[in-house]
Amino acid sequence: MSSQRYITMGEQKGRRSWAEPWKIKMVEPISMISRSEREKAIQEAGYNTFLLRSKDVYIDLLTDSGTSAMSDRQWAGMMLGDEAYAGSVNFYNLEKAIQEIYGYEYIVPTHQGRGAEHLISHAEIRKGQYVPGNMYFTTTRLHQELAGGIFVDVIIDEAHDPYHIDPFKGNIDLRKVENLVKEKGAENIAYISLAGTVNMAGGQPVSMANVKALRKLCDQHGLKLYLDATRMVENSLFIQLSESGYKKKKVAEILKEFCDYTDGAWMSGKKDHLVNIGGWVAVRDKNLADRLRNAVVVYEGLHTYGGMAGRDMEAMAIGIRESVEDDHIKSRVGQVLYLGELLVNWGIPIVRPVGGHAIFLDARAFYPHIPQDQFPAQVLASELYMDSGIRSMERGVVSAGRDPQTGDHRYPKLELTRLAIPRRVYTEAHMDVIAESVKMVYEDRKNIKGFKMVYEPEYLRFFQARFERL
Ligand code: F0G
């Protein structure tokens, strides 16, 4: 185990010690299969970590989505599930938690984040309208496109540079939005799609100053501002750590203030909310709320469960309150930064500053000899699995998919392999093992070959694509 007890909370800030504000009551055994078994497993999975069986995985960093450990309170809440078809008591508990913590008035539950993305995109985008956003997210952009929208990336340029150190690399470049308004007209912009801690940029936060300025700009042009609140609690911690004027504020206060500048939000509850399933969309406008409540019964379920069981809504209501406790979120993000610091100290090329939910390895720097159309980040995820049974995910050209107009691959500047850290699941010793395996794979980077894609599904291809070694 490492003797390092300190983590860097934001690379330009000081240091503080931390420990998890919980102790372990129940454990789930994990084990590692042999190297030859792993080689067979990844080959059978078409070199796609999404197609591995979890029993063949040692440390699972595929995603931080739905993989959190629930607290004893949340498990107790599961026993209070009111499984009535309509008007479940748990829905009202959930509604109250969201109203109090996020501040939106009207709440529509969904089975998970993409259900919420579907509803808001369907309700608020007319065919041919533009949807400016701070970098794409896979499911978000797809739902915007399926609703007839055209996504436009308006994140600051620095976000596309893995090594540019800026505490708020998730910010929107206001000039890009203004130019779009000038060029296309405000009436041709559906809304601004703002995500907290931008996933594809490496979990990079948005500053309070940026959302304030955006609100002003939206008011000037009569635009709406909707928030992807999926990891907004993590974003709020970064504001507390790095933005002047917020050091003494609680994360919960910062979160509420941030949401106050927006017209509504959608949420994948599987992340910040510390549950295994669920989501919601929430707005301030009654008319829009009515349209969302009407659509939810078509696609998800009745407006008082939206695809969730009563017990899941109760666990989420409790998880929401736990998630904004300062101790919790500091240890959650602290663990990610701890792993990041180990890797940076060993000279491993990762996206900087380290974000809130994951470490992103720079696959271009691992394999400069593998061209992007031979999928270096996919290769890196396979190599890491073969080395140690650690499962990660490609976040590069495969995830970016094809341009709907031209049909060509979209070539993102960032070609990354993501190690997402589940919440309250792994220990510091696991982080050390992960870092050691990444180091091993980095040292062995020279003779590694690229892949060709041999099966490509139409939508969100990264989930199911298959590859062969060249
Ligand atoms: N928005 C963001 C920023 C996300 O990261 C995700 C999911 C979603 C929306 C969609 O939510 O999965 O509940 O339907 N991200 C997962 C990940 C899949 O691994 O990053 P969902």
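The structure contained in this document is the topic of the report that follows. Given the structure is predicted, the values throughout are model-derived calculations rather than measurements. (Residues numbered from 1 in each chain as written. Predicted model: local features only at pLDDT ≥ 70, side-chain atom pairs only at ≥ 80, totals over all residues. Heavy atoms only, no water.)

With that settled, consider the overall build of the protein chain. Assigned secondary structure in the protein chain consists of 16 helices and 14 strands. Whereas a compact globule of 470 residues would reach a radius of gyration of roughly 23 Å, the protein chain reaches 21 Å, a difference of no more than 12%. Seen along its three principal axes, the alpha-carbon backbone of the protein chain occupies a region of about 60 × 55 × 45 Å. The burial tally for the protein chain puts 59% of its 470 residues in the buried class. Across the protein chain, every contact between residues at least 6 apart in sequence was considered, and the portion connecting residues at least 24 apart equals 72%. With an accessible surface of roughly 19200 Å², the protein chain has 50% of that area assigned to carbon and sulfur atoms. Charge separation in the protein chain, taken as the distance between the mean sites of 60 positive and 62 negative side-chain charges, equals 1 Å. (Helix = DSSP H or I, 4+ residues; strand = E, 2+ residues; numbered from the N terminus. Rg over C-alpha atoms; globule rule 2.2 N^0.38 Å. Buried < 20%, exposed > 50% of the residue type's maximum accessible area, 1.4 Å probe, protein only. Contact = heavy atoms within 4.5 Å. Areas by Shrake-Rupley, 256 points an atom, 1.4 Å probe, with all protein chains shown as cover. Lys, Arg positive; Asp, Glu negative; His and termini not counted. Charge placed at Lys NZ, Arg CZ, Asp CG, Glu CD.)

Time to look at the environment of aspartate 82. With respect to the helices and strands, aspartate 82 occurs in the loop between helix 2 (72-78) and helix 3 (89-102). Residue classification places aspartate 82 among the partly exposed positions, given a relative accessible area of 27%. Spatially, the C-alpha atom of aspartate 82 lies 6.7 Å from that of arginine 311, the residues being 229 residues apart in sequence. When neighbours within four sequence positions are excluded, aspartate 82 is seen to be in contact with Gly87, Ser88, Val89, Asn90 and Gly310. Separated by 2.8 Å, the side chain of aspartate 82 and the backbone nitrogen of valine 89 make a polar contact. (Polar contact = N/O pair within 3.5 Å; in protein donor to acceptor, adjacent residues only side chain to side chain.)

Moving on, we come to the side chain of arginine 141. Positionally, arginine 141 belongs in helix 5 (residues 138-146). Owing to a relative accessible area of 9%, arginine 141 belongs among the buried residues under this scheme. Ignoring any residue separated from it by four or fewer positions in sequence, one finds arginine 141 in contact with Tyr136, Phe151, Ala400 and Arg410.

Attention shifts here to the site of the ligand. Inspection of the region around the ligand gives 17 residues, with Thr63, Asp228, Ser268, Lys271 and Arg418 positioned closest. A distance of 2.6 Å separates a nitrogen atom of the ligand from a polar side-chain atom of aspartate 228. For the ligand, the accessible surface in isolation is 470 Å², of which the surrounding protein chains cover 95%. Top element by residues in the shell around the ligand is helix 4 (residues 113-124). It accounts for 3 residues. Taken together, the residues that form the shell around the ligand break down as 2 nonpolar, 8 polar and 7 charged. (Near = heavy atom within 4 Å. Nonpolar A, V, L, I, M, F, W, Y, C, P; charged D, E, K, R; others polar.)

Read across the open sheet, the 3 strands follow the order 10-12-11; overall the sheet is antiparallel. Edge positions in the sheet fall to strand 10 (358-362) and strand 11 (393-395), since each has one partner strand and no second. Averaged over all pairs of adjacent strands, the angle between their axes in this sheet comes to 35°, without regard to strand direction. The pairing of strand 11 with strand 12 (residues 416-420) spans 3 bridges and is classified as antiparallel. Its bridge partner being in strand 12, arginine 395 is matched across the sheet by leucine 416. (Pairing = 2+ DSSP bridges. Axes fitted to C-alpha atoms, helices over the stretch in contact; angles between N-to-C directions.)

Attention shifts here to helix 12 (residues 326-345). Its 20 residues place the ends of helix 12 27 Å apart at the C-alpha level, agreeing with the 28 Å of an ideal helix rising 1.5 Å per residue. Here helix 12 lies mainly inside the structure; 17 of its 20 residues are buried. Among the residues trailing helix 12, glycine 347 stands out with phi positive, at a value near 75°. (Expected span 1.5 Å × (residues − 1).)

Our next topic: the packing of aromatic side chains. Tallying each qualifying case throughout the model produces 12 aromatic pairs. Taking the centre distance of 5.0 Å and the plane angle of 40° together, the rings of tyrosine 47 and phenylalanine 451 count as tilted. With tyrosine 47 in the loop between helix 1 (35-44) and helix 2 and phenylalanine 451 in strand 13 (residues 451-455), the pair connects residues that are 404 residues apart, well separated along the chain. In terms of burial, tyrosine 47 and phenylalanine 451 fall into one category: buried. On the numbers, 5.1 Å between centres and 70° between planes, the contact of tyrosine 191 with tyrosine 226 is edge-to-face. A residue pair is termed long-range when its members are at least 10 positions apart, and tyrosine 191 in the loop between helix 6 (174-184) and strand 6 (192-195) and tyrosine 226 in strand 7 (residues 225-228) qualify at 35 residues. For tyrosine 191, a relative accessible area of 0% corresponds to the buried category. Tyrosine 226 gets classed as buried once you look at its relative accessible area, which sits at 1%. The ring of tyrosine 442 has arginine 445 lying over it, and the distance from NZ or CZ to the ring centre is 3.9 Å. (Phe/Tyr/Trp six-rings, centres within 6.5 Å; stacked < 30°, edge-to-face > 60°. Lys NZ or Arg CZ within 6 Å of the ring centre and 35° of its normal.)

A few words now on the pattern of salt bridges. The tally for this structure, following the rule as stated, stands at 29 salt bridges. Ionic pairing is found between glutamate 100 and arginine 321, a salt bridge with its closest N-O pair at 3.0 Å. One end of the pair, glutamate 100, is in helix 3; the other, arginine 321, is in helix 11 (residues 310-323), and 221 residues separate them in sequence. Look at arginine 321 and you get partly exposed, because its relative accessible area is 33%. With a closest N to O distance of 4.0 Å, arginine 141 and glutamate 145 form a salt bridge. Here the residue arginine 141 and the residue glutamate 145 both occupy positions in helix 5, the gap between them amounting to 4 residues, near one helical turn. One connected set of salt bridges, linked through shared partners, spans Asp64, Arg231, Glu234, Arg332 and Arg423. (Salt bridge = Lys/Arg side-chain N within 4 Å of Asp/Glu carboxyl O.)

Burial along strand 7 is two-sided: Leu225 and Leu227 facing one way and Tyr226 and Asp228 facing the other are all buried. Bridge count for strand 6 against strand 7 is 4 bridges, and the pairing is parallel. Note that in strand 7 the partner of alanine 195 across the bridge is aspartate 228. At this point the chain moves from strand 6, through helix 7 (residues 208-221), to the parallel strand 7, and the crossover so formed is right-handed. (Right-handed = clockwise from strand over helix to strand, strands pointing away.)

By themselves, these observations are geometric and do not establish any function.
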